[in-house]
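# Topology and contacts: notes
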Amino acid sequence: MAQVSRVARAPLHLGLLDWSAATQNVVELMQAQHPHVHWELPTAPAPGMADTHSLHTLTQALLENAVKFSARQLQPVVRIHVEPLPHGWWRWVVQDNGAGFDAERASTLGQLFQRMHRDTDFEGAGCGLAVVSTLVERHGGRWQIHAQPQQGCTVSVDLPGAF
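The rules we used
Residues numbered from 1 in each chain as written. Predicted model: local features only at pLDDT ≥ 70, side-chain atom pairs only at ≥ 80, totals over all residues. Heavy atoms only, no water. Helix = DSSP H or I, 4+ residues; strand = E, 2+ residues; numbered from the N terminus. Buried < 20%, exposed > 50% of the residue type's maximum accessible area, 1.4 Å probe, protein only. Areas by Shrake-Rupley, 256 points an atom, 1.4 Å probe, with all protein chains shown as cover. Contact = heavy atoms within 4.5 Å. Salt bridge = Lys/Arg side-chain N within 4 Å of Asp/Glu carboxyl O. Expected span 1.5 Å × (residues − 1). Arc of directions from axis to C-beta. Pairing = 2+ DSSP bridges. Axes fitted to C-alpha atoms, helices over the stretch in contact; angles between N-to-C directions.

### Digging into the overall build of the protein
For the protein, the helix and strand inventory stands at four helices and seven strands. Listed N to C, the secondary structure of the protein is α-β-α-β-β-α-β-β-α-β-β in terms of helices and strands. Within the protein, buried positions represent 47% of all 163 residues. Surface summary for the protein: the accessible area is close to 8800 Å², and the carbon and sulfur share equals 53%.

Okay, here's the thing in structure tokens:
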């Protein structure tokens, strides 16, 4: 909860950055902790205007969720790609092959302490997607999530690109 409060209040210092390169940096930090995960990363640049620290926090929160919920798979896979959208926006997509969840219950995701699984099934307090929602909203973006039980999860984040 403290992290959600911090990201909601921290000043944003918008600057030009490459979302693909930022993703690569976060994955490099995570690979040492999760060497069993197969990562598929974007290769094309994705220029955008964002706060560097906030984008790192958002990326880390989404990738940690993907790893956590796919860790029980024989071969956990996290796929990340970026794609341009109309009007200079970019879509960043994180897809895992993990536990998924019942999509009918997804309406509360992004709120504090909302979980799709029992506490005993997966660690965490239900704050990761609240961090994502807060940061996306502060950057003027939007996000969505799709899942099926035992078929993984896909999270899409749309943010304004470089102007």
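### Examining the environment of V94
Residue placement: V94 occurs in strand β5 (residues 89–96). C-alpha of V94 to C-alpha of L41: the two residues are 53 residues apart in sequence and 9.6 Å apart in space. In contact with V94, other than residues within four places in its own chain, are L62, L63, A66, V78, R79, I80, C153, T154 and V155.

### Some thoughts on the pattern of salt bridges
Side-chain pairing between opposite charges can occur once the charged atoms of the two side chains come close. Scanning the entire structure with this criterion turns up three salt bridges. The closest approach of N and O atoms between R91 and D158, which form a salt bridge, is 2.7 Å. Taken together, the residues R91 in strand β5 and D158 in strand β7 (residues 153–160) connect sequence positions 67 residues apart. When the shortest N-O distance is used, the salt bridge between R142 and D158 registers 3.2 Å. Remark: D158 occurs in strand β7 and R142 occurs in strand β6 (residues 142–147); sequence separation between them is 16 residues. Looking at D158, the relative accessible area reads 3%, which means it is buried. Several salt bridges share partner residues, and in doing so they unite R91, R142 and D158 into one network.

### Describing helix α2 (residues 19–31)
Compared with an ideal rise of 1.5 Å per residue, which puts 13 residues at 18 Å, α2 spans 18 Å between its outermost C-alpha atoms and is within 8% of the ideal. Within α2 the residues assigned to the buried category are W19, S20, T23, V26, V27 and M30. The arc that holds the buried residues of α2, viewed along the axis, is 125 degrees, so those residues lie on one side. Turned more than 90 degrees off the buried face of α2, the exposed positions are E28 and L29. The inward-facing, buried residues of α2 abut β1 (14–18), β2 (38–40), α3 (52–70), β4 (77–84), β5 and β7.

### Concerning the sheet that holds β4
Within the open sheet, the five strands sit side by side as β2-β4-β5-β7-β6. Their pairing is mixed. Every other strand in the sheet has two partners, leaving β2 and β6 as the edge strands with one partner each. With direction set aside, neighbouring strand axes in the sheet form an average angle of 10 degrees. Where β5 meets β7, eight bridges bridge the pair, whose relative direction is antiparallel. Within β7, the position partnered with Q95 by the bridge is T154. The strands touched by α3 within the sheet are β2, β4, β5 and β7, with β5 carrying the most contacts at an inclination of about 25 degrees. Packed on one face of the sheet, helix α4 (residues 128–138) meets β6 and β7 and runs near 145 degrees to β6.

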